[in-house]
Amino acid sequence: MTDNILVPIDLADQETGLKVIKEGVMQAKARNGDMTVMTVVPDILSGLDFRYAIRGEMGGSEDYDLKGIVQEALERLNEIVAEHTPSGMRVKTIARHGTAYEEILKVADKIGATQIVMGAHRPSLADYLIGPTTARVVRHAECSVNVLRTV
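In this text the structure is predicted, and so the values were computed from the model without any measurement. For every chain, the first residue of the written sequence is number 1, and numbering continues from 1 onward in sequence order. Only residues with pLDDT of at least 70 get local features here, since the model is predicted, and only at 80 or more are side-chain atom pairs given and counted; chain-wide, interface and lining totals rely on the full set of residues. Side-chain calculation: all heavy atoms of the structure are included, whereas hydrogens and water are not.

**Some remarks on the overall build of the chain**
Then comes step 1: Only DSSP runs of H or I with at least four residues qualify as helices, and only runs of E with at least two residues qualify as strands; both kinds are numbered from the N terminus onward. Looking only at helices and strands, the chain has six helices and five strands in total.
Then comes step 2: When the helices and strands of the chain are placed in sequence order, the string is β-α-β-α-α-β-α-β-α-α-β.
Then comes step 3: To sort residues, take the accessible area from a 1.4 Å probe on protein chains only and compare it with the maximum for the residue type: under 20% means buried, over 50% means exposed, and anything in between is partly exposed. In the chain, buried positions account for 38% of the 151 residues.

**Some words on the confidence of the model for the chain**
Then comes step 1: For the chain, mean pLDDT is 83; residues scoring 70 or higher make up 77% of the total.
Then comes step 2: In predicted models, pLDDT denotes the confidence assigned by the predictor to each residue on a 0 to 100 scale. The contact criterion used is simple: two residues touch if any of their non-hydrogen atoms lie within 4.5 Å. Contacts for the low-pLDDT stretch residues 45-61, under 50 throughout, to residues beyond four places or in other chains number 13 contacts.

**Description of the nonpolar core**
Then comes step 1: With 15 residues, the main nonpolar core has Val7, Ile9, Ile21, Met35 and Val37 as its most contacted residues.
Then comes step 2: Contributions of two or more residues to this core are made by strand S1 (4-8), helix H1 (14-31), strand S2 (34-41) and helix H3 (66-84).
Then comes step 3: Among the elements that line this core, the one with the most residues is H1, at four residues.
Then comes step 4: Sequence-distant contacts of isoleucine 9, that is, excluding residues within four places in its chain, are made with Gly17, Val20, Ile21, Val37, Met38, Thr39, Val40 and Leu77.
Then comes step 5: Only buried residues count toward a nonpolar core. Its members are Ala, Val, Leu, Ile, Met, Phe, Trp, Tyr and Cys residues joined through side-chain atoms within 4.5 Å. Judged by nonpolar contacts, the second largest core, of 13 residues, contains Ile104, Leu105, Val107 and Val137.

**A closer look at the layout of surface pockets**
Then comes step 1: Think of a 1 Å grid over the protein atoms and nothing else: a 1.4 Å probe that fits but is trapped marks a cavity, an open set flanked by protein within 12 Å on at least five of seven lines marks a pocket, and residues with an atom within 4 Å of a point count as lining. Grid points are joined across faces, edges and corners, and a volume is the space filled by probe spheres set on the points. Each pocket or cavity is described by its volume, and for the second largest pocket that value is around 150 Å³.
Then comes step 2: Contributing to the lining of the second largest pocket are Leu105, Ala108, Asp109, Ala113, Ile116, His140, Ala141, Glu142 and Cys143.
Then comes step 3: The leading source of residues in the lining of the second largest pocket is helix H4 (residues 100-111), at three residues.
Then comes step 4: Each residue gets one of three labels, nonpolar for Ala, Val, Leu, Ile, Met, Phe, Trp, Tyr, Cys and Pro, charged for Asp, Glu, Lys and Arg, and polar for the others, Gly among them. Partitioning the lining of the second largest pocket into residue classes produces six nonpolar, one polar and two charged.

**Structural notes on the environment of lysine 67**
Then comes step 1: Take lysine 67: it is sitting in helix H3.
Then comes step 2: On the basis of relative accessible area, lysine 67 is assigned to the exposed category, the value being 74%.
Then comes step 3: Once the C-alpha coordinates of lysine 67 and arginine 96 are considered, the two residues, 29 residues apart in sequence, prove to be 9.6 Å apart.

**Describing the pattern of salt bridges**
Then comes step 1: We count a salt bridge whenever a side-chain nitrogen from Lys or Arg sits within 4 Å of a carboxyl oxygen from Asp or Glu. Taken as a whole, this structure holds six salt bridges when the rule is applied.
Then comes step 2: Arginine 31 serves as the salt-bridge partner of aspartate 3, at 3.5 Å between the closest nitrogen and oxygen. With aspartate 3 in the segment before S1 and arginine 31 in helix H1, this pair connects stretches of sequence that are 28 residues apart.
Then comes step 3: Owing to a relative accessible area of 19%, aspartate 3 belongs among the buried residues under this scheme.
Then comes step 4: Between arginine 96 and glutamate 103 there is a salt bridge whose closest N-O contact spans 3.1 Å.
Then comes step 5: Under the relative-accessibility criterion, glutamate 103 is labelled buried at 8%.

**A look at H1**
Then comes step 1: Given a rise of 1.5 Å per residue, 18 residues ought to cover 26 Å, and the 25 Å separating the end C-alpha atoms of H1 matches this to within 8%.
Then comes step 2: Among the residues of H1, those classed as buried are Thr16, Gly17, Val20, Ile21, Glu23, Gly24, Val25, Gln27 and Ala28.
Then comes step 3: Looking one or two residues beyond H1, the residue adopting positive phi is asparagine 32, at roughly 50°. Helix span, as expected, comes to 1.5 Å for every residue beyond the first.

The structure is reproduced here in structure tokens:
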């Protein structure tokens with residue numbers, strides 16, 4: 001069985017994302033495995049009825065094209081992966097929309113990930129009360145999770 005390394009990154013934090021990709025490459029090479037790099041496009045107006053954004057209220061637009069935004073994220077992710085992974089390496093890319101930790105766990109399950117490699121910032125007070133994405137993935141993943149602490 002081939003190891004599948006899942007590497008979720010936040011396109012808004014490219015510095016951390018590049019560190020995580022680098023670690024994912026090292027893990028995939030060490031295990032002679034495949035790597036899947038993913039990103040999640042979050043809900044634009046978290047906590048508000050999505051229909052308000054579509055109708056143009058609260059700064060939204062009826063021209064809001066979720067599929068287009070996810071496609072743009074995938075195209076950017078493909079550029080980053082092409083620039084920062086060795087040629088010939090087996091790498092897939094995935095872009096999803098939704099709650100980050102839920103989408104990461106769904107993809108990990110779908111691809112049969114044997115390890116997830118992701119970054120984590122130093123926690124703030126809000127993280128202790130709400131729980132950051134990385135902590136939720138660590139708690140609920142059915143595979144090993146390698147967390148890279150970033151400043």
